[in-house]
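# Reading the structure
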Amino acid sequence: MLCQRCKKNQATIEYKEAVNGKVFEYHLCPACYQEMFGSLQSANADLLMDLLAPKMQKTEKRCPVCGTTYSEYQRTGLLGCPSCYDAFKTELMPAIERIQGHTAHVGKANMNADKSGYHRKLQELQEQLEAAIRNKEFMKANDIYEQINAINAELSGVKNDGEGGQDEQH
């Protein structure tokens, strides 16, 4: 988590203050805490820092492959590896959609589009197939699977004779 004050450094201090029955909570880096509330000179404050810092580290989302944290990505704008996209998917997708207008890769217009739009249709059918399997709709999944096979056969130039065998078109 980033410091609520400077929004640059890692927040390692959680400070709660009750004023007139209202509780105010701050997540701050050590430098901002020192500027706002003075130095952490007491032994109790050092003990408190030791207890709080590891807890905050453990709860932060981290890529299991490279160890990059989401706050590091927020600070630098860089992900550590391809697995970061999976690890931070829920956080990244809204930003990607806001920036690019969509979350599915479409490439440059008409650069890799085939005449009948088969490749895009295959991608849509694959997503539908996965959803049907997840939802245990096996009859629907079978219908979608047959559509995928028909398109693949069309793309490869193979004609399905309806009896499980395939003949090449010439």
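Residues numbered from 1 in each chain as written. Predicted model: local features only at pLDDT ≥ 70, side-chain atom pairs only at ≥ 80, totals over all residues. Heavy atoms only, no water.

### Quick notes on the overall build of the protein chain
- When its secondary structure is counted, the protein chain shows seven helices and four strands.
- Starting at the N terminus, the α and β elements of the protein chain follow one another as β-β-α-α-α-α-α-α-α-β-β.
- A burial count over the protein chain gives 22% of its 170 residues as buried.
- In the protein chain, of all internal contacts separated by at least 6 residues, the share reaching a separation of at least 24 is 30%. (Helix = DSSP H or I, 4+ residues; strand = E, 2+ residues; numbered from the N terminus. Buried < 20%, exposed > 50% of the residue type's maximum accessible area, 1.4 Å probe, protein only. Contact = heavy atoms within 4.5 Å.)

### Quick notes on the nonpolar core
- Residues Leu122, Leu125, Leu129, Ala132, Ala141, Ile144, Ile148 and Ile151 constitute the largest nonpolar core, which totals eight residues.
- Going through the elements one at a time, α6 (118-134) and α7 (138-156) are the ones with two or more residues in this core.
- Those residues in contact with Ala132, other than ones at most four positions away along the chain, are Glu137, Lys140, Ala141 and Ile144.
- With seven residues, the next largest nonpolar core counts Cys63, Cys81, Cys84 and Phe88 among its residues. (Core = buried A, V, L, I, M, F, W, Y, C linked by side-chain atoms within 4.5 Å.)

### A few points about unusual backbone geometry
- Its identity is not glycine, yet Lys7 carries a phi of approximately 55°, on the positive side.
- A relative accessible area of 57% places Lys7 in the exposed class.
- For Lys136, which is not glycine, the phi dihedral falls at a positive 60°.
- With respect to the helices, strands and loops of the structure, Lys136 is situated in the loop between α6 and α7.
- Accessibility expressed as a relative area gives 64% for Lys136, which makes it exposed.

### Points about helix α5 (residues 89-100)
- For α5, spanning twelve residues, the distance from its first C-alpha to its last is 15 Å, which sits close to the expected 16 Å at 1.5 Å a residue.
- Of the residues trailing α5, Gly101 is marked for its positive phi of about 90°. (Expected span 1.5 Å × (residues − 1).)

### With respect to the confidence of the model for the protein chain
- For the protein chain, per-residue confidence averages 76 on the pLDDT scale, and residues scoring 70 or more make up 72% of the total.
- Every residue in residues 163-170 is under pLDDT 50, and counting partners more than four places away or in other chains gives ten contacts. (pLDDT = per-residue confidence, 0-100.)

### Section: the environment of Asn9
- Checked against the element boundaries, Asn9 lands in the segment before β1 (13-19).
- According to the relative accessible area criterion, Asn9 is partly exposed, its value standing at 38%.
- Between the alpha carbons of Asn9 and Arg75 there is a distance of 8.0 Å; along the sequence they are 66 residues apart.
- The residues touching Asn9, leaving out its near neighbours within four places in the chain, are Met1, Leu2, Cys3 and Cys29.

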